[in-house]
Amino acid sequence: MTIVPAKEIMDRAFEEGYGVAAFNFFNDLTLEAILAAATELESPLIAQTSLKTVKAYGAKQLYGMFRAMADEVPVPVTLHLDHCPDREWLTTCLETGWNSVLFDGSHLDVEDNTRQTREVVEEANGYGAQVEGEIESVTGVEDDIGSDEEAFVHPVEVSIDFIEETGIYSFATAVGTAHGMYAAEPDLKPERVTEIKEKKPVPQVLHGGTGLEEGQFRDLISRGCAKVNISTAIKISFMEATREFLDENPGKHDPPSLFTHVRGRVQRTAAEHIQMFGSAGKSQGVAAR
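Residues numbered from 1 in each chain as written. Predicted model: local features only at pLDDT ≥ 70, side-chain atom pairs only at ≥ 80, totals over all residues. Heavy atoms only, no water.

Structural notes on empty space enclosed by the protein
Note the threshold: In this analysis the probe radius is 1.4 Å and the grid spacing 1 Å, with only protein atoms considered; a cavity is a set of points the probe fits into but cannot get out of, a pocket is an open set with protein on both sides within 12 Å along at least five of seven lines, and lining residues have an atom within 4 Å of a point. Grid points are joined across faces, edges and corners, and a volume is the space filled by probe spheres set on the points. Strands here are runs of E lasting at least two residues and helices are runs of H or I lasting at least four, both read from the DSSP assignment and numbered beginning at the N terminus. As a working rule, the residues Ala, Val, Leu, Ile, Met, Phe, Trp, Tyr, Cys and Pro are called nonpolar, Asp, Glu, Lys and Arg charged, and the rest polar, with Gly in that last group.
Enumeration according to the criterion identifies three cavities of 30 Å³ or more in this entry. Quantified by volume, the second largest cavity comes out at close to 50 Å³. Contributing to the lining of the second largest cavity are Ala 6, Met 10, Ile 46, Thr 78, His 80, Ser 100, Gln 130, Val 131, Glu 132, Tyr 169, Ser 170 and Lys 227. Breaking the lining of the second largest cavity down by element, the ones donating at least two residues are helix H1 (6-16), strand S3 (77-84) and strand S5 (130-133). The dominant element in the lining of the second largest cavity, judged by the number of residues it contributes, is S5, at three residues. Here the residues of the lining of the second largest cavity are counted per class, giving five nonpolar, five polar and two charged.

Pasting the structure below:
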């Protein structure tokens, strides 16, 4: 298997009630580590990029790296662009080969967000790509996107109308999570996932996953969150493993050994989340293109 549309991965997860990890990668080492974790556990994988990472590498160069690595693994993988409020960059990523995108119109009023998201869906359809949509911003800043101010949460009926009017494939539901690390126990509202699924059964996406407990993950997944975003945990593993190696090897100038150490830590972090989300062993039965 190789690179597949996001729909091929998420449809099955939604139907069977497990979650697929969407890990943010930000260089070749972190991409290699999450691919290795998915391969080891025979799990489908959503490799995810922030707009900041795309800008840092360049879309063509970043996609080329992804393609070269993902084509070599035996599990289904898809490439997703996370929170992107910039329509020009959305177009660039779709043209380059991203399989799905999140148009982040949460800063807009619902009417304008609906109109622009519908336009993105029409554009993405031309590339065989899927679109994730949202109307409430997730509290916290992730790769320069977002705000620490708590977002206003619309009634579920507004979410239903947004999903129907835009034609999005998946929806980022506001459930009380936040980007980054939690300063206090989050006040989750998992019932929103259930209410939306009952009225509009589309795959839902859990943002701000880092720091939740296994039981919280499993509850939200069972209710309809087929995609679970994990970014901060990957960054923490990367940075802590780097500091650990340097502290334990003062004066040692051996980048390959550093990379091996860091890669192993990131791979373990990814594997732990894959196992929690229930996607291990689910790589078979997903059709590749």
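Thoughts on the pairing of S5
What counts is decided by this rule: Burial classes follow relative accessibility: with a 1.4 Å probe on protein chains only, a residue under 20% of its type's maximum area counts as buried, one over 50% as exposed, and anything between as partly exposed. Two strands pair under a simple rule: DSSP has to find at least two bridges between them. For the handedness criterion, the strands are oriented away from the viewer, and a crossover whose path from the first strand over the helix to the second runs clockwise is classed as right-handed.
The side-chain alternation of S5 yields two buried faces, one formed by Gln 130 and Glu 132 and the other by Val 131 and Gly 133. One ladder, built from four bridges, connects strand S4 (residues 100-103) with S5; its direction is parallel. Paired with Ser 100 across the bridge in S5 is Gln 130. Taking the sense of rotation as the criterion, the β-α-β connection linking S4, helix H6 (residues 110-125) and S5 turns out right-handed. Pairing between S5 and strand S8 (residues 170-172): two bridges, direction parallel. When the bridges of S8 are listed, Gly 133 appears paired with Phe 171.

Overview of the nonpolar core
Test applied: To qualify as a nonpolar core, a set must consist of buried Ala, Val, Leu, Ile, Met, Phe, Trp, Tyr and Cys residues joined through side-chain atoms within 4.5 Å. Whether two residues touch is decided by their heavy atoms; if any such pair falls within 4.5 Å, the residues are in contact.
Formed by 72 residues in total, the largest nonpolar core has its most connected members in Phe 23, Ile 34, Phe 66, Val 77 and Trp 98. The element contributing the most residues to this core is helix H11 (residues 255-277), with eight residues. Once you skip the residues sitting within four places of it in the chain, Phe 66 turns out to touch Ile 3, Leu 31, Ala 47, Val 77, Thr 78 and Leu 79. Core analysis: the second largest hydrophobic core is formed by twelve residues, Val 4, Ala 6, Ala 22 and Ile 46 among them.

Some words on helix H5 (residues 87-96)
The criterion, for reference: For this quantity, the arc is that covered by the directions from the helix axis to the C-beta atoms.
Along H5, the residues classified as buried are Leu 90, Cys 93 and Leu 94. In an axial view of H5, the angular spread of the buried residues amounts to 100°, which keeps them on one side of the axis. More than 90 degrees from the buried face of H5, the exposed residues found are Glu 88 and Glu 95. Tucked into the core, H5 has its buried residues touching helix H3 (51-57), S3, S4 and H6. Looking one or two places after H5, you find Gly 97, whose phi comes out positive at around 140°.

Quick look at the sheet that holds S3
We count it as follows: Helix axes are fitted to C-alpha atoms over the stretch in contact, other axes to C-alpha atoms as well, and angles between N-to-C directions run from 0 to 180 degrees.
Pairing is parallel around the closed barrel formed by eight strands, whose spatial order is S1-S2-S3-S4-S5-S8-S9-S10. In this sheet, neighbouring strand axes are inclined to one another by 25° on average, regardless of whether the strands run parallel or antiparallel. Sheet analysis places strand S1 (residues 20-24) next to strand S10 (residues 225-230), joined by four bridges and oriented parallel. In the strand pairing of S10, Ala 21 is matched with Val 228. In the packing of helix H9 (residues 214-223) onto the sheet, contacts are made with strand S9 (204-206) and S10, and the angle to S10 comes to roughly 140°.

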